[in-house]
Amino acid sequence: PTYNNLNINSGVTQLIRSSGAEPGCRELLVVTRTASEHVANPLCLEPGAPVVAVERVRLANDRRTVFSLEYLPQELFEMQDGEVSVEEIEVYLKVNQSMYGFLRERLSLEIHHGIAWIRPLTAEGYIAEKLHVARGSSLLHLEQVDYDFSGDPVALSDEYYVADAFTFSIYRSG
């Protein structure tokens, strides 16, 4: 198993690399959608506002380990020299894997912190299919909102981890 400290806001790509595995992805989809209430509320958007949605299956040495959904306000991708296309995001992610890297390198946007909610789930339907696990298999669901240095929410992530792929730690004081 891989060990990851949940006190530190690191991405899936970094988690996979820290385990000594090669990160990869399958079934990458980058599209513009309208924000549902589930997406809009944590991002402080109106329902129906445009968001860039990134859906992908994350690999560790070709093993499907994480299914992730990321939502970012479309306005983040509106630059002075024009809009960043979903095709550009897709090309970057195919080569470099990391959305945090794209935000930093292309948009000069640093993530200051994230707030995450963690809960166990059983794999059903679409997610079980994406991860190639049996329905009813154990998963760890990590939902997170990332914030910039101004305290503005910039990304909502839903990550579904295959239960036996990683071991996480949390520093607790007191």
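Residues numbered from 1 in each chain as written. Predicted model: local features only at pLDDT ≥ 70, side-chain atom pairs only at ≥ 80, totals over all residues. Heavy atoms only, no water.

Engineer: Explain the packing of helix 3 (residues 86–96) against helix 4 (residues 99–107) to me, and be specific about the residues and the numbers.
Structural biologist: Orientation of helix 3 relative to helix 4, taken along the N-to-C sense of each, is 120°, at an axis distance of 10 Å. Relative to helix 4, the element helix 3 is oriented oblique. In this structure, helix 3 crosses over helix 4, and the sense of that crossing is right-handed. Of the residues in helix 4, those in contact with Glu 88, Ile 89, Tyr 92 and Leu 93 of helix 3 are Met 99, Gly 101, Phe 102, Glu 105 and Arg 106. Here the residues of the contact of helix 3 with helix 4 are counted per class, giving five nonpolar, one polar and three charged. (Axes fitted to C-alpha atoms, helices over the stretch in contact; angles between N-to-C directions. Helix = DSSP H or I, 4+ residues; strand = E, 2+ residues; numbered from the N terminus. Parallel < 35°, antiparallel > 145°, perpendicular 65-115°, else oblique. Left-handed = near helix turned anticlockwise from the far one by under 90°. Contact = heavy atoms within 4.5 Å. Nonpolar A, V, L, I, M, F, W, Y, C, P; charged D, E, K, R; others polar.)

Engineer: So what's going on with helix 3? Which residues, and what values?
Structural biologist: All buried positions along helix 3 are accounted for by Val 86, Ile 89, Tyr 92 and Leu 93. One face of helix 3 carries all of its buried residues, which in axial projection span an arc of 125°. Away from its buried face, by an angle of more than 90 degrees, helix 3 presents the exposed residues Glu 87, Val 91, Lys 94 and Val 95. For helix 3, the secondary structure elements touched by its buried residues are strand 2 (23–34), strand 3 (50–60) and helix 4. Two residues or fewer past helix 3, Gln 97 is found with a positive phi of approximately 75°. (Buried < 20%, exposed > 50% of the residue type's maximum accessible area, 1.4 Å probe, protein only. Arc of directions from axis to C-beta.)

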